[in-house]
Amino acid sequence: MVTAVYWVSEAVPLGAAALVPAFLYPLFGVLKSSEVAAEYCKDTTLLLMGVICLAASIEKWNLHKRIALRMVMIAGAKPGMLVLGFMCCTVFLSMWLSNTSTTAMVMPIAEAVLQQLICTGLAENHEDSETAESPEDDSGTSGRPGKYIQNVFVAMPTPTLTIHRNEEVNGFGLKLVSSQDFITHTNGHLPQVRPFFYGELMKQEDHMICKCLTLSITYAATIGGLITITGTSTNLIFAEQFNTRYPDAKVINFGTWFIFSFPIAIIMLVLTWLWLHFLFLGCNFRETCSLSKKRKTRREMLSEKRIHEEYAKLGPISYPEVVTGVFFILMTLLWFTREPGFVPGWTSLFEKKGYRTDATVSVFLGFLLFLIPARRPFSSSSNADSESDPLAPMITWKDFQRLMPWEIVILVGGGYALAAGCKVSGLSVWIGRQLEPMSGLPPWAVTLLACLLVSGVTEFASNPATLTVFLPILSALSETLQINPLHTLIPSTMCVSFGVMLPVGNPPNAIVFSYGHVKISDMVKAGFGVNLIGVAVVMLAITTWGVPLFDLTEFPAWAVARNVTGSL
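Nothing here was measured: the structure is a model prediction, and the numbers come from that model.

Tallying secondary structure elements over the protein gives 27 helices and three strands in all. Per-residue burial for the protein yields a buried fraction of 53% across its 568 residues. In the protein, of all internal contacts separated by at least 6 residues, the share reaching a separation of at least 24 is 75%. When the accessible surface of the protein is split by element, carbon and sulfur atoms take 64% of a total near 25400 Å².

A word on empty space enclosed by the protein. Applying the stated rule across the entire model yields two cavities of 30 Å³ or more. In this structure, the largest cavity spans a volume of roughly 60 Å³. As for the largest cavity, its lining consists of T44, T45, L48, L236, I408, V409, V412 and Y416. Residue assignment for the lining of the largest cavity shows that the elements contributing at least two residues are helix 5 (43-60) and helix 19 (406-425). When residues in the lining of the largest cavity are grouped by element, the largest group, four residues, is from helix 19. Residues belonging to the lining of the largest cavity are distributed by class as follows: six nonpolar, two polar and no charged. Approximately 40 Å³ is the volume attributed to the second largest cavity. Forming the walls of the second largest cavity are V51, L54, W96, T230, F328, M331, T332 and W335.

The periodicity of an α-helix, 3.6 residues per turn, causes residues three or four places apart in sequence to face the same way. For helix 16 (residues 319-338), which comprises 20 residues, the first-to-last C-alpha distance of 28 Å matches the rise-based estimate of 28 Å (1.5 Å per residue) to within 8%. For helix 16, the full list of buried residues reads P320, E321, V323, T324, G325, F327, F328, M331, T332, W335 and R338.

In the structure shown here, the tally under the stated rule is 16 aromatic pairs. Considering the side-chain rings of F260 and W545, the 6.5 Å spacing of their centres and the 55 degrees angle between planes classify their relative orientation as tilted. Taken together, the residues F260 in helix 13 (residues 254-281) and W545 in the loop between helix 25 (520-543) and helix 26 (546-550) connect sequence positions 285 residues apart. Residues F260 and F550 carry aromatic rings whose centres are separated by 5.6 Å and whose planes lie at 65 degrees to one another, so their mutual orientation is edge-to-face. Of this pair, F260 sits in helix 13 while F550 sits in helix 26, placing them 290 residues apart in sequence. The class of F260 is buried, set by a relative accessible area of 0%. Members of the aromatic cluster, connected to one another through ring pairs, are F238, F242, Y246, W257 and W558.

Here the focus is the layout of surface pockets. There is about 680 Å³ of room inside the largest pocket. Contributing to the lining of the largest pocket are 32 residues, with S98, N99, T100, S233 and I408 lying nearest its centre. Of all the elements in the fold, those that place two or more residues in the lining of the largest pocket are helix 5, helix 8 (99-132), helix 12 (233-245), helix 19, helix 22 (463-480) and helix 24 (507-514). Per element, the largest residue contribution to the lining of the largest pocket is five residues, and it comes from helix 5. Across the lining of the largest pocket, the residue classes tally to 15 nonpolar, 15 polar and two charged.

Now for the packing of helix 21 (residues 443-457) against helix 25. Where helix 21 contacts helix 25, the axes come no closer than 11 Å and their chain directions differ by 150 degrees. By the angle class used here, helix 21 and helix 25 are roughly antiparallel. Here helix 21 runs over helix 25; the crossing is right-handed. Of the residues in helix 25, those touching helix 21 at W444, T447, L448, C451, L452 and S455 are N531, V535, M539, I542 and T543. In terms of residue class, the contact of helix 21 with helix 25 is built from seven nonpolar, four polar and no charged.

Structurally, P503 is set in the loop between helix 23 (485-495) and helix 24. A residue is classified by how much of its surface remains accessible, and P503, at 15% relative accessible area, is buried. If we skip the residues at most four places from it in the chain, P503 touches N509, A510, F513, I520 and M523.

Okay, the nonpolar core next. One finds F86, F238, F242 and L486 to be the most contacted residues of the largest nonpolar core, which totals 125 residues. Examining the composition of this core, we find that 12 residues originate from one element, helix 13, more than from any other. Aside from chain neighbours lying at most four places away, what touches L486 is F238, F242, V251, I252, P491, I542, F550, L552 and W558.

Here N484 shows up in the loop between helix 22 and helix 23. Those residues in contact with N484 that sit more than four places away from it in its chain are F550, D551, L552, E554, F555, P556 and W558.

A separate point is helix 23. Within helix 23, 11 of the 11 residues are buried, leaving the element largely enclosed by the surrounding structure. Buried within helix 23 we find P485, L486, H487, T488, L489, I490, P491, S492, T493, M494 and C495.

Here we take up a nonpolar patch on the surface. Taken together, the side chains of F262, I266, V270, L271 and L274 define a hydrophobic patch exposed on the protein surface, amounting to about 370 Å² of accessible area. Tracing the sequence through the fold places L271 in helix 13. In this structure L271 comes out as partly exposed when scored by relative accessible area, which is 35%.

Conventions we followed
The residue count restarts for each chain, going from 1 along the sequence in the order it is written. Local features in a predicted model are, by the rule used here, given only for residues with pLDDT of at least 70; side-chain atom pairs are given and counted only at 80 or more, and totals for whole chains, interfaces and linings are based on all residues. Note that water and hydrogens are dropped before the side-chain values are worked out from all heavy atoms of the structure. Only DSSP runs of H or I covering at least 4 residues are called helices, and only runs of E covering at least 2 are called strands; the numbering of each starts at the N terminus. A 1.4 Å probe rolled over the protein chains alone gives each residue an accessible area, and that area as a share of the maximum for its type sets the label: buried under 20%, exposed over 50%, partly exposed in between. Any two residues whose heavy atoms approach within 4.5 Å at even a single point are treated as in contact. Where accessible areas are quoted, they stem from the Shrake-Rupley method and a 1.4 Å probe; at the residue level, only the protein chains shown are allowed to cover. Throughout, the protein atoms alone are placed on a 1 Å grid, and a set of points is a cavity if a 1.4 Å probe fits but cannot get out or a pocket if it is open with protein on both sides within 12 Å along at least five of seven lines; lining residues have an atom within 4 Å of a point. Grid points are joined across faces, edges and corners, and a volume is the space filled by probe spheres set on the points. Classification used: nonpolar for Ala, Val, Leu, Ile, Met, Phe, Trp, Tyr, Cys and Pro, charged for Asp, Glu, Lys and Arg, polar for all others including Gly. Between the first and last residue of a helix there are one fewer steps than residues, each counted as 1.5 Å, and that sum is the expected span. Pairing of aromatic rings covers Phe, Tyr and the six-membered ring of Trp, with a centre-to-centre limit of 6.5 Å; geometry is then stacked below 30 degrees between planes, edge-to-face above 60, and tilted otherwise. In this analysis, axes come from line fits to C-alpha atoms, helices being fitted only over the stretch in contact, and the angle between any two N-to-C directions falls in the range 0 to 180 degrees. Convention used here: angles under 35 degrees read as roughly parallel, angles over 145 as roughly antiparallel, angles from 65 to 115 as roughly perpendicular, and any remaining angle as oblique. The crossing is said to be left-handed when, going from far helix to near helix, the turn is anticlockwise and less than a right angle, and right-handed when the turn is clockwise. Note on terminology: a nonpolar core comprises buried Ala, Val, Leu, Ile, Met, Phe, Trp, Tyr and Cys residues joined through side-chain atoms within 4.5 Å. The patches reported here contain residues having more than 30% relative accessible area and no salt bridge. Joining distances are 9 Å for like charges and 5 Å for nonpolar side chains (Val, Leu, Ile, Met, Phe, Trp, Tyr). Any carboxyl oxygen of Asp or Glu that lies within 4 Å of a side-chain nitrogen of Lys or Arg is treated as forming a salt bridge with it.

Interpretation in functional terms is not warranted from these geometric data alone.
Put into C-alpha cells, the structure is as follows:
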C-alpha cells in the first residue's frame, strides 16, 4: 500500500518509490536483503538492454526518419491519407522503439509537414484577398487584409515559423527560421502567442488537420506498443511477472504475443483512423483520401514536394543504416523462430533446454553493435561520426546510456519485489479469498470489469505503476474463480496502455500536447472514443482467436499447481 500510494501520487519519482520494498521487506522480516535485491534484475532487464542498443543505432543513423518519410511519401498529402501514412509509420516504429521515443521522433516530421500546409494555405488566402479587393494601405494597419500584417512572432518547433511585418517572403510575410534560432531566441519555451496566430490567420480546416494529425501520432504509438513484448514497458512487466508466478507455463513468448496482438493493432489502427477522420475531417472520404493526381490542390502538391526534399536531404542509404536494418530483421527472425510452437525452433538444436530466451538474442546482437565498425570495410569513405577513428563502432556507450530508461528498470524490479513479498507472506492467497463473491460472474464479465477498471485508473496514474499494482490482484482473482489467468491478465495489460484522454496519461500525450495544436477538451473527446475502441477490440480478441491460441476454455495445470502450492 505504501508503494502504491507513492506510485499513484508521484510524491517521489517512480524509480525511488520502487525502492521501498528493498528496505521495508528486510526490516519487517518478509524477505532477506539478498533475496529482494535479486528481484530487481531479471531476464526482461537484459531483453530491454539489447533492444535499447538497437534503438540507439536506429536513431543515431536516422533510419527511423528514412522509414517515416518513405511511408508518408507513399501515402501522399491528402489529409486523410497523410494521417493514415503517419499512423502506419508510427505504429511500425513503436513496435520496436519505446512509445515516447517514437512520438518524439515522428512529431518534428509531422510539424514540418503541417507548417508547409499552413504556409501554403495562408499564401492562398492572401492571394484570394488581393484579388477580391485592392488594398489601400500596405502597412497592415487599415483593418482590412493587406500585403503585410502586424508584427506577430510564432514559435513552432523544428523549424520555426515567423511572421514579420515589412519583410516579404514569397509574396507573404513568411519566414522559416532554423531550430537553433528557436532555441537561441526563446530559450526553448513556446511564447504564448500561438492561439492568436491560429485564431486570426489559420482556416478552420487547418485547425482540424493539425488536431487530427498530432493526436493520431500519440494514438498510433500506443497501438504499435501493443504488438510486441518489447513494444512497451507494461508488456515486459506482464511477461516477467507471469513467468515468475507461473514458471511451468510455457505459453508467453514473442511469437504467441505477436500472433494475438497484431490483429488487434490492425483493427484498432483502422477504427481509430476512421474515428479521428469523422471527428476532425468529416465524412467526405472521397475528397480527403483520393490518390488521384487530378484532385490534388496546390498546397498538397507543395507539401509532397517538401516531404520529398526532406527525404532527399538524407542522401543515399548509408552502410550503418544497412547494418542496422540487417540487425533489426535478424533480431525479429530469431525471436519468432526461437520457439514458434507449431514447429521446433532453433533452440531445439541445443542439448540443454530452457537456457535460451528472447533476452539471449537481443543482448547478443546488441553487444555486436559495440564491435562492428561504422565504416564500410575496405572503403576509403567515412561517416561523420567516425572520421577521427576509422574503427569507431556502430554505437558507443554514450549512445546507449542516452536512451536506456533506468527508472523503468528499477520500477519493474520494484514490481517483482512486491510480487515476491505477496507470494512469501501469503497476501496473494488472502486477496483471492476476499474476491470469492465474484465467482458467479462469467469469465468475459470478470475480464471486462478488469479492463474498464484498469483503463480508468491509468488515466491518472502511470501505466507501469498501475499494472504492477493490479497484476497480483487479478492473478489471485483468476485462481480463486478457476479462470485461466491469461483470460484476465492479457486484456488488462493491453488496456493499461489506453490512458489517452489526458496529457498526464502517458509521455506521448504530453509530447503531442506541448506542440499547442490541441486543447485538453480535444484530447478527452478523441481519447474517450479510442479508449472504447481499444477495450472493445481487446474483448473481441480474447473471446475469439485468443481462446484456441492460449487454450482459455480450461483452467490450466500450471495454474492449478500454483494455486495448490499457494494454499499450502
